[in-house]
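# Descriptive analysis of the structure
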Protein chains: 2
Amino acid sequence: MRDVFIAGVGQTPITKDPNSRGRYLGAAAVKAALTDAKLDPGRIGALYVGNMLSGVLAHQQQLGGLIADYTGLAGIEAVTIEAACASGGAAVRVAYQAVAGGSHDAVAVCGVERMTHVDRDEVTRALATAADWELEGVCGESFLSLNAKLMRAYMDRYGVTAERFAPFAITAHENALTNPNALLHKPLDLETYLASRVVADPIRLFDVSPVCNGASAVILAAPHVAGELAKGSSVRIAGSALATAPLALSRRADLLELTAVSASTQRAMQQAGIGHDDIDLFEPHDAYTIMTALTLEAAGFTRAGSGLDYADTARIGLRGELPLATFGGLKARGHPVGASGCYQIVEAFLQLTERAGANQVPDAEVALVQNIGGTGATVVTHVLARER
Amino acid sequence: MRDVFIAGVGQTPITKDPNSRGRYLGAAAVKAALTDAKLDPGRIGALYVGNMLSGVLAHQQQLGGLIADYTGLAGIEAVTIEAACASGGAAVRVAYQAVAGGSHDAVAVCGVERMTHVDRDEVTRALATAADWELEGVCGESFLSLNAKLMRAYMDRYGVTAERFAPFAITAHENALTNPNALLHKPLDLETYLASRVVADPIRLFDVSPVCNGASAVILAAPHVAGELAKGSSVRIAGSALATAPLALSRRADLLELTAVSASTQRAMQQAGIGHDDIDLFEPHDAYTIMTALTLEAAGFTRAGSGLDYADTARIGLRGELPLATFGGLKARGHPVGASGCYQIVEAFLQLTERAGANQVPDAEVALVQNIGGTGATVVTHVLARER
């Protein structure tokens, strides 16, 4: 299989604007990515759209063809990839395979989601479609309640308090302050975190990523196309993997073991030929602070029960040992669910091309990016590496 | 890119059983395909699920991981592909790329849909998500009304009567009589067709494919895996292409020209190196009789305005010049929307391996299979060829 490079990226600012429209959001992100790549749109062979909720919340399926049309790419191959909140990452994965395997020399990926045009209860119900409806949804479980179960089980098993999770959120808010595309631009400290209301015991408001709208896009290209566009340094997808686990928490061997995180991380890192020490920054799926802790363990950064060792703003800040959520993450940049996985790739690309501005991680050469669907049911992991 | 073979197929009978459950339907089809292929499930690298309506009608997204789990494939790569009624065909297309490109040596594809557990109005609204919601859906357009516009426009432009379309439906019903998996087992004649009620002028009840449930699956394999399994003859995916067109009828240059049918058919046939005379049978997307007429024209079997020349039971019957819908098609086998494209591949495979029983097309060596999303917005075309 061929090497695959990221030739350009685009994103729209994350908003809560109820009047935003999916087709225009998506088209804006793809057009921005094409402009960034300086690639003739006529050379794009396919568009892969990552989306979770358009059918449920906006009566609109078939976003592949729709966004292709509104981007001026009418006629090209285009489909939608769905894996709940991992839809964006999964779309990147399918697009990677299309280029690596030789189907297309250049493709576009677009993650898009619109969530604020309906009331909060409708969003909650829609997000619950990522869980196992028959075993969880019908009992009234929501994504919030399932993550609360995980956090409570974690606190009980390892004897830790809820406030120990705060630094993950505090760091995310800190990084979002200087990200113009982020939804939240408000500093967070431990006092504010502790004063925030408990939305589902033991989860506080600031443990949770916000409901919002947004679209992001990346252009993936084969070596010969990327070579024509090269601007000094370029970014290669050095590892790509997707793994799954049972959707329902009750069907897992251990509630607190994210087996699909382990499997996909190992596979992506093995393909890239890297170890944990080679990773300069990590964009985790920090939809809830508990997910970040569990992810750090399952991804092999530390052992089970020690994920909170990383809940330390110095350790995970932009100049720390392992910078996390460098543009604010799902927590503070915002989590337009089906788009988030693609935003993560955009941000890692900006880091590796030294275009991260005030959010720049010094000397960033290798990034790990991970997008999760459900409470760990679909996990997509990519390793991006700067080539000189 | 490598050759890709179909190693085995599975399907569940099409039903209107409101108690059927998606995860079990899907798992049953995949298990049947694995058994048919005599392939150790441990060798399956990924599962691609084609589905359109589970999120909207069954509160369940992330079917990839869910069906992988219930099939005993927990952990493997698995995602859902959505392209409205072309979801099944699009899943086959993405799976084909994964094997052809070298990502996986063997993968499973599952098309699955459940539509009869909700009332008819809810299904109608859900199906309208395949159209352009902002331009068509909000005005009350349904799939039925959009197809009625196409049929009326066709009749007006070419001066033909509605009854000229009947032979497409009559042939489908005839073929379904001997397909044990078909929903409809009732002979249809012109008299009955003409006596049926007009459901959306000029469309009669018998011009429309029925709402139903079902799941189908295929196993795709690289040459070395297929070679181990070979049973005399095997079927190769000789051509695979997906093209799109604007979703809304109002955004098309010509209402009656299915540009994505033309593009994807040409591309798939060119890849396969075949001409129209080489095609022994055609599984068209006969969701409405008008779609069959328009498809035959756009796919190059005849010129614009002449599609009804094929509306002749002798010409398109099992022993005719161009057998269509050989197991009953969407019209009479049934159209569980996101599953139909995969059923079509299953049926073409059975024809090319001489396992079609009473529905066998004599000496079938090359099949054209086409799955359409919306009123021609996403079109997936495959050419299957028997290898000796």
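Okay, so let's go over this structure. (Residues numbered from 1 in each chain as written. Chains lettered and ligands numbered in written order. Predicted model: local features only at pLDDT ≥ 70, side-chain atom pairs only at ≥ 80, totals over all residues. Heavy atoms only, no water.)

## Side note on the overall build of chain A
- For chain A, the count of helices and strands is 14 helices and 11 strands.
- For a compact globule of 388 residues, the expected C-alpha radius of gyration is about 21 Å, and chain A comes in at 19 Å, within 12% of that figure.
- A principal-axis box enclosing the C-alpha atoms of chain A has dimensions of 55 × 45 × 40 Å.
- Carbon and sulfur atoms form 49% of the exposed surface of chain A, whose accessible area is close to 12000 Å².
- Chain A carries 31 positive and 40 negative side-chain charges, and their two centres are separated by 3 Å. (Helix = DSSP H or I, 4+ residues; strand = E, 2+ residues; numbered from the N terminus. Rg over C-alpha atoms; globule rule 2.2 N^0.38 Å. Areas by Shrake-Rupley, 256 points an atom, 1.4 Å probe, with all protein chains shown as cover. Lys, Arg positive; Asp, Glu negative; His and termini not counted. Charge placed at Lys NZ, Arg CZ, Asp CG, Glu CD.)

## Brief notes about the packing of helix α6 (residues 143–158) of chain A against helix α11 (residues 289–298) of chain A
Residue and element names in this part refer to chain A.
- Closest axis-to-axis distance for the α6/α11 pair is 9 Å, and the angle between their directions is 60°. With respect to α11, the element α6 is oriented oblique. Regarding α6 and α11, the two cross each other, and that crossing is left-handed. In contact with N147, L150, M151 and Y154 of α6, α11 contributes T289, I290, M291, A293, L294 and E297.
- Residues of the contact of α6 with α11, tallied by class, amount to 7 nonpolar, 2 polar and 1 charged. (Axes fitted to C-alpha atoms, helices over the stretch in contact; angles between N-to-C directions. Parallel < 35°, antiparallel > 145°, perpendicular 65-115°, else oblique. Left-handed = near helix turned anticlockwise from the far one by under 90°. Contact = heavy atoms within 4.5 Å. Nonpolar A, V, L, I, M, F, W, Y, C, P; charged D, E, K, R; others polar.)

## As for the relation of the copies chain B and chain A
- Overlaying chain B with chain A gives an RMSD of 0.0 Å, the required rotation being 180° about an axis along which the chain moves by 0.0 Å. With respect to symmetry, the two chain copies, as superposed, fit the operation of a two-fold axis. Distance from the rotation axis, computed per C-alpha, reaches its smallest value in chain B at B:G101: 1.7 Å.
- In this assembly, 98% of the residues forming the interface of chain B have copies in chain A that are likewise at the interface, indicating an isologous arrangement. (Least-squares fit on C-alpha atoms with pLDDT ≥ 70 in both.)

## Remarks on the environment of B:L47
All names here are of chain B.
- Note that L47 resides in strand β2 (residues 46–50).
- For the pair L47 and A91, spaced 44 residues apart in sequence, the C-alpha separation works out to 9.2 Å.
- Excluding residues that lie within four positions of it along the chain, L47 makes contacts with V30, G64, I67, A68, I76, E77, A78, V79, A108, V109 and C110.

## Examining the packing of aromatic side chains
- Inspection of the entire model under this criterion finds 10 aromatic pairs over all chains.
- Consider the rings of A:Y154 and A:F165, whose centres lie 5.8 Å apart with planes at 65°: the pair is edge-to-face. With A:Y154 in helix α6 and A:F165 in the loop between α6 and α7 (166–176), this pair connects stretches of sequence that are 11 residues apart. Each member of the pair, A:Y154 as well as A:F165, is classed as buried.
- Seen from their ring centres, B:F282 and B:F301 are 5.3 Å apart, and the 25° between their planes marks the pair as stacked. Pair noted here: B:F282 is in strand β9 (residues 281–283) and B:F301 is in the loop between α11 (289–298) and α12 (313–316), with a separation of 19 residues, a long-range link. Take B:F282 and B:F301: they sit in the same class, and that class is buried.
- Clustering of aromatic rings is evident, with ring pairs tying together A:Y154, A:Y158 and A:F165.
- Over the face of the ring belonging to A:Y310 we find A:R315, whose NZ or CZ atom lies 3.9 Å from the ring centre. (Phe/Tyr/Trp six-rings, centres within 6.5 Å; stacked < 30°, edge-to-face > 60°. Buried < 20%, exposed > 50% of the residue type's maximum accessible area, 1.4 Å probe, protein only. Lys NZ or Arg CZ within 6 Å of the ring centre and 35° of its normal.)

## Quick look at the side chain of A:R236
Residues and elements named next belong to chain A.
- With respect to the helices and strands, the residue R236 is situated in strand β8 (residues 234–244).
- The class of R236 is buried, set by a relative accessible area of 18%.
- Contacts of R236, omitting those with residues within four sequence positions, involve D3, V4, F5, V383, L384, A385 and E387.

## Notes on empty space enclosed by the protein
- Using the criterion set out here, one finds 5 cavities of 30 Å³ or more in the structure.
- The space that makes up the largest cavity amounts to roughly 170 Å³.
- Lining the largest cavity are 19 residues, with A:M52, A:Q61, A:E82, B:Q61 and B:E82 positioned closest to its centre.
- Every element with two or more residues in the lining of the largest cavity is listed here: α2 (54–58) and β3 (77–82) of chain A together with α2 (54–58) and β3 (77–82) of chain B.
- Broken down by class, the residue content of the lining of the largest cavity amounts to 6 nonpolar, 11 polar and 2 charged. (1 Å grid on protein atoms, 1.4 Å probe; cavity = no way out; pocket = protein on both sides within 12 Å on 5 of 7 lines; lining within 4 Å. Points joined across faces, edges and corners; volume = space filled by probe spheres on them.)

## Focus: the pairing of strand β10 (residues 366–373) of chain B
Residues and elements named next belong to chain B.
- Counting buried residues along β10, 8 of its 8 residues qualify, which places the element largely inside the surrounding structure.
- Along β10, one buried face is formed by V366, L368, Q370 and I372 and the opposite face, lined by A367, V369, N371 and G373, is buried too.
- When β9 meets β10, the two strands line up parallel, connected through 3 bridges. Bridge pairing in β10 places L281 opposite A367.
- Bridge count for β10 against strand β11 (residues 378–387) is 8 bridges, and the pairing is antiparallel. Considered in β11, the bridge of V369 is made with H382.
- In textbook terms, the turn of a hairpin is the stretch between consecutive antiparallel strands, and for β10 and β11 this stretch comprises 4 residues, one of which, G374, has a positive phi near 65°. (Pairing = 2+ DSSP bridges.)

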